[in-house]
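These are the residues of each chain, in order.
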Amino acid sequence: MSWLGLILSLAAVLGTGVPRAPCAPGDNYCFRLEPSARVFGAEGRARLIRPAGTPFTVDVDRDGRHRYTVQFELEGLPSPQELGPYSHYVAWVVDPTLDRLRRLAVVDNGVSRTGEIARNKYMLWVSAESDSATTVRTGPLVFRGLSPSSRMEAHGFIGMSAFQPPEPSAEDGWTAPPMVAGVRMMPGMEKTRPSVAPYRLESESEVPATRGRTVSLAHGDTLRLSAGPVSRQVGGATIAGYAFNGQIPGPLIRVDRGSEIVVVVDNHTPEPTSVHWHGLRLENAFDGVPGLTQDPIAPGRSFTYRLRFPDAGLYWYHPHHREDIWQDAGLFGSIRVDADWLPRVDSEHNLVLDDLLLRGEEPVPYGREAANFALMGRFGNVLLTNDEIRWDVAASSGDRIRLFLTNVSNTRTFNWSVDGHALEVVATDVGPFPEPVWTESVVIAPAERYVVDLTVKAPGHYPVTNRVQAIDHGRGRFFSQIDTLGFLRVGAPKGLTPGLPPPPPTEPDAPGHLPARFLETLPELTLDLMLRTEGLPAITEQMMLRDQSFFNPVEWSGTMPH
Ligand SMILES: [Cu+2]
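Heads up: these notes are all about the structure in this document. Here the residue numbers are simple positions, counted from 1 along each chain's written sequence. pLDDT decides what is reported in this predicted model: residues at 70 or higher carry local features, side-chain atom pairs at 80 or more are listed and counted, and totals for whole chains, interfaces and linings draw on all residues regardless. As a rule here, side-chain values come from all non-hydrogen atoms in the structure, and water together with hydrogens is ignored.

1. Notes on the overall build of the protein chain
Then, number 1: Helix and strand counts for the protein chain come out as 5 helices and 32 strands.
Then, number 2: For the protein chain, the accessible area works out to roughly 26,700 Å², and carbon and sulfur atoms hold 54% of it. What counts as a helix is a DSSP run of H or I of at least four residues, what counts as a strand is a run of E of at least two, and both are numbered from the N terminus. Method for areas: the Shrake-Rupley scheme with a 1.4 Å probe, in which residue coverage is limited to the protein chains shown.

2. Thoughts on the nonpolar core
Then, number 1: Residues Leu405, Trp416, Val418, Val442, Leu454 and Leu488 are the most contacted members of the largest nonpolar core, which totals 34 residues.
Then, number 2: Split by domain, the residues of this core number at least three in each of domain 1 (19-151) and domain 2 (214-520).
Then, number 3: The criterion used for residue contact is that any of the two residues' heavy atoms lie within 4.5 Å. Other than its neighbours up to four places away in sequence, leucine 488 contacts Val393, Ala395, Ile401, Val418, His421, Leu454, Gly460, His461, Tyr462 and Val464.
Then, number 4: Counting residues in each nonpolar core, the second largest holds 32 residues, with Leu217, Ile261, Leu282 and Phe309 among its members. Nine residue types can take part in a nonpolar core, namely buried Ala, Val, Leu, Ile, Met, Phe, Trp, Tyr and Cys, and a core is a set of them joined through side-chain atoms within 4.5 Å. A simple rule labels every residue: compare its accessible area, found with a 1.4 Å probe on the protein chains alone, to the largest value its type can have, and call it buried under 20%, exposed over 50%, or partly exposed in between. Start and end positions for the domains come from either an automated domain assignment or a database one.

3. Some details on the packing of aromatic side chains
Ring pairs (aromatic) are described by centroid distance and by the angle formed between their planes.
Then, number 1: A pair of aromatic rings is counted whenever rings of Phe, Tyr or Trp (Trp by its six-membered ring) have centres within 6.5 Å, and the orientation is called stacked for planes under 30 degrees apart, edge-to-face for over 60 and tilted otherwise. Under the definition given, this model contains 7 aromatic pairs.
Then, number 2: Ring geometry for phenylalanine 56 and tyrosine 450: centres 5.0 Å apart, planes at 80°, overall edge-to-face. With phenylalanine 56 in the loop between strand S2 (43-49) and strand S3 (68-75) and tyrosine 450 in strand S30 (residues 449-455), this residue pair connects regions lying 394 residues apart in the sequence. Grouping residues by exposure puts phenylalanine 56 and tyrosine 450 together as buried.
Then, number 3: Ring geometry for phenylalanine 303 against tyrosine 305: centres 4.6 Å apart, planes inclined by 55°, an arrangement best described as tilted.

4. Some remarks on the state of the cysteines
Then, number 1: Note that a disulfide, as used here, is simply two cysteine sulfur atoms within 2.5 Å. Taken as a whole, this structure holds 1 disulfide when the rule is applied.
Then, number 2: Note that cysteine 23 is cross-linked by a disulfide to cysteine 30, the S-S spacing being 1.9 Å. Where cysteine 23 bonds to cysteine 30 through sulfur, the torsion about that S-S bond is close to -60°, and the disulfide is left-handed.
Then, number 3: The exposure class of cysteine 23 is partly exposed, given its relative accessible area of 21%.

5. Concerning the sheet that holds strand S26 (residues 414-418)
Sheets are built from strands that pair by backbone hydrogen bonding, the pairs being arranged parallel or antiparallel.
Then, number 1: For two strands to be treated as a pair, DSSP must find at least two bridges joining them. Spatial ordering of the open sheet is given by S24-S32-S31-S26-S29, a layout of 5 strands whose pairing is mixed. The sheet terminates laterally at strand S24 (391-396) and strand S29 (442-444), the two strands that pair on one side only. Across the sheet, the mean angle separating the axes of adjacent strands is 30° when strand polarity is ignored.
Then, number 2: In terms of strand pairing, S24 meets strand S32 (residues 477-491) through 6 bridges, oriented parallel. Residue pairing for S32: alanine 395 is matched across the bridge by valine 490. Convention adopted: a line fitted to C-alpha atoms gives each axis, helices being fitted over their contacting stretch, and angles between N-to-C directions are expressed from 0 to 180 degrees.

6. What to know about the pairing of strand S17 (residues 313-319)
Then, number 1: Summarising burial for S17: 7 of the 7 residues are buried, a large majority.
Then, number 2: Judged from the 4 bridges that link them, strand S15 (residues 275-278) and S17 form a sheet pairing that is antiparallel. Across the sheet, residue histidine 278 finds its bridge partner in S17, namely tryptophan 316.
Then, number 3: Both S17 and strand S18 (residues 333-338) contribute to a ladder of 5 bridges, which runs antiparallel. In the strand pairing of S18, tyrosine 315 is matched with isoleucine 335.

7. Describing empty space enclosed by the protein
Then, number 1: Within this scheme a cavity is a closed region of a 1 Å grid, computed over the protein atoms alone, that accommodates a 1.4 Å probe without allowing it to escape, whereas a pocket is open but has protein on both sides within 12 Å along at least five of seven lines; lining residues each have an atom within 4 Å of a point. Grid points are joined across faces, edges and corners, and a volume is the space filled by probe spheres set on the points. Under the criterion given, the structure shown has 3 cavities of 30 Å³ or more.
Then, number 2: Its boundaries defined by the atoms lining it, the largest cavity holds a volume of some 150 Å³.
Then, number 3: Lining the largest cavity are 16 residues; nearest its centre among them are His66, Tyr68, Asn120, Ser149 and Phe550.
Then, number 4: Gly counts as polar in this scheme, as do all residues outside two lists: the nonpolar Ala, Val, Leu, Ile, Met, Phe, Trp, Tyr, Cys and Pro, and the charged Asp, Glu, Lys and Arg. Taken together, the residues that form the lining of the largest cavity break down as 9 nonpolar, 6 polar and 1 charged.

8. Some points on the coordination of the copper ion
Then, number 1: Around the copper ion, the donor atoms from the protein are His278 (ND1) and His318 (NE2), and they sit 1.9 to 2.0 Å away. Taken together, the residues span a long stretch of sequence, with histidine 278 in strand S15 and histidine 318 in strand S17 at a distance of 40 residues.
Then, number 2: Relative accessible area serves as the criterion here: at 21%, histidine 278 is assigned to the partly exposed category. Because water is not among the atoms used, a metal site may look incomplete, as its donors are only the N, O and S atoms within 2.8 Å, or 3.2 Å for Na, K and Ca.

9. A short note on the sheet that holds S2
Then, number 1: If you trace the 8 strands from one edge of the open sheet to the other, you get S5-S4-S7-S8-S1-S2-S3-S6, paired in antiparallel fashion. Each end of this open sheet is capped by a strand with a single partner; those strands are strand S5 (102-107) and strand S6 (110-117). When strand polarity is set aside, the average angle formed by the axes of neighbouring strands in this sheet is 25°.

10. Some words on a nonpolar patch on the surface
Then, number 1: Surface patches are drawn from residues lacking salt bridges whose relative accessible area is over 30%; two like charges belong together within 9 Å, two nonpolar side chains (Val, Leu, Ile, Met, Phe, Trp, Tyr) within 5 Å. Any carboxyl oxygen of Asp or Glu within 4 Å of a side-chain nitrogen of Lys or Arg constitutes a salt bridge here. Residues Leu375, Leu531 and Met544 make up a contiguous nonpolar surface patch of about 320 Å² in total accessible area.
Then, number 2: For methionine 544, a relative accessible area of 52% translates into the label exposed.

11. Considering the pattern of salt bridges
Then, number 1: One pass over the full model with this rule turns up 32 salt bridges.
Then, number 2: As a salt-bridge pair, arginine 47 and glutamate 73 come within 2.5 Å of each other at their nearest N and O atoms. Taken together, the positions of arginine 47 in strand S2 and glutamate 73 in strand S3 put the pair 26 residues apart, joining distant regions of the chain.
Then, number 3: For aspartate 387, the salt bridge identified is with arginine 232, shortest N-O distance 2.6 Å. Placement of aspartate 387 in the loop between strand S23 (382-385) and S24 and of arginine 232 in strand S11 (residues 222-234) is noted, with a sequence separation of 155 residues between them. Across the pair, exposure class does not vary: aspartate 387 and arginine 232 are buried alike.
Then, number 4: Each of Arg336, Glu348, Arg400, Arg402, Glu424 and Asp453 takes part in salt bridges that share partners, so that together they form one network.

12. Observations concerning the side chain of serine 274
Then, number 1: Here serine 274 lies in the loop between strand S14 (260-267) and S15.
Then, number 2: A polar contact is formed between the side chain of serine 274 and the backbone oxygen of glycine 288, at a distance of 2.8 Å.
Then, number 3: Setting aside its immediate chain neighbours within four residues, serine 274 contacts Gly288, Pro290, Gln294, Ile297, Tyr305, His318, Pro319, His320 and His321. Pairs of N or O atoms within 3.5 Å make up the polar contacts considered here, provided that, within protein, one atom can donate a hydrogen while the other can accept it, and that residues adjacent in sequence are counted only when both atoms are side-chain atoms.

Now the structure itself:
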């Protein structure tokens, strides 16, 4: 291709006015903008695009609102002068209540991108204006469109009420799981029952679980990991638990890159088990997947794993047989493969994030024959860090501290942050970033790991929180949910007396970005996943059929009617 040809084809790709595919019905990232009578015949679309350069699989602000850049695709607009004393078209975002109007950008026929928006439900407007820099809309509207999230409305209860299944017998052992405070169960749902028998964890041990200790192993060492019963304290409740070597989380295994070790797993649980070494590149025979790489370890039996560690990083281990029960029971632990892969800091902390579903002081039963909570996963209502309902860490002002985060929950994606502190994400599941990425919160899905540095601010107590936008499905609305997981307790700087001014901040004001090439490369493969279900309660099936077709990119909270 000649240079001229290349330039022409690039211009065709980048140029304005390129016709684009219309939005598919029900698309959650593309929606039509309705033209007003003034611009009859014009066409408009808004496409929601992930902001460039964030390290997570979804992008939210610190409060959990999804962040998007908007791409306006407009065609057939007359010049603004034809509508009156106007010179430009300006795009706006506004709440459905018409509050919080904010100017986005000057737009025109063709493709224009705006800055970020982070709102739950909203409208986009385009108006003709006489001042391109105006922050107050005064000119006439030419386009308006409702965000895909606005399609989520209250359920039609009347249509569903005819589908209540019969009352179950009182002695079937199931009770309805608790709902999130302020969210009501759908009519009829409280009478539904799983098609499996309830399974309650029992533990004959009264020995309380201890917190995870660190086991440093050298090349050639052998570790004995015993999965067995413990008594577990969750807040004020004492519940049955299972632990590796009596510890929840299990021992933090530290090894050097390039080493190999042997781990003998003894199964002292009442059910078959296996241990999967999540994220490690190892010989397949030791991957710990029953039915695929090994037979399950029967109660009372052992299995010998040979592990090698070709890559530095943060990994974890857990049973790969009915994880919904046994991981929840307390069988999980971290592995850190050391090399000089990260800069030195003043202190390091391993944080295992989890949740548990309790009703009163009892875990809600699991399904005996199969996992229940199958579609949404089993959200807990008690959030745990290192198996504590409140995780506190002490640090000195000015310290650099490093947090190794792993999410071992069944289904909850955390939006984790420390009040008053910018976070430097230095590594993820697949190793260190070439440059640290600045964020205000860490979005961490089940099984994911992130390594985060922060510079400790002035003395004080800083809440560590999970902040998400939950959905009240019955009413079709979003609401803010904040859980305090613990506190960063900051004392005076080392070697200084209290009262001195805090050290100057070292991080930039605005979040930084990953090299754009990571996100602007087109995918080589796209997977379409389809899920078929059978045997759903009639009420659930009706709800899915009648529901408005908006699907949150992430189910952030256990507000689904169970
Ligand atoms: Cu795993």
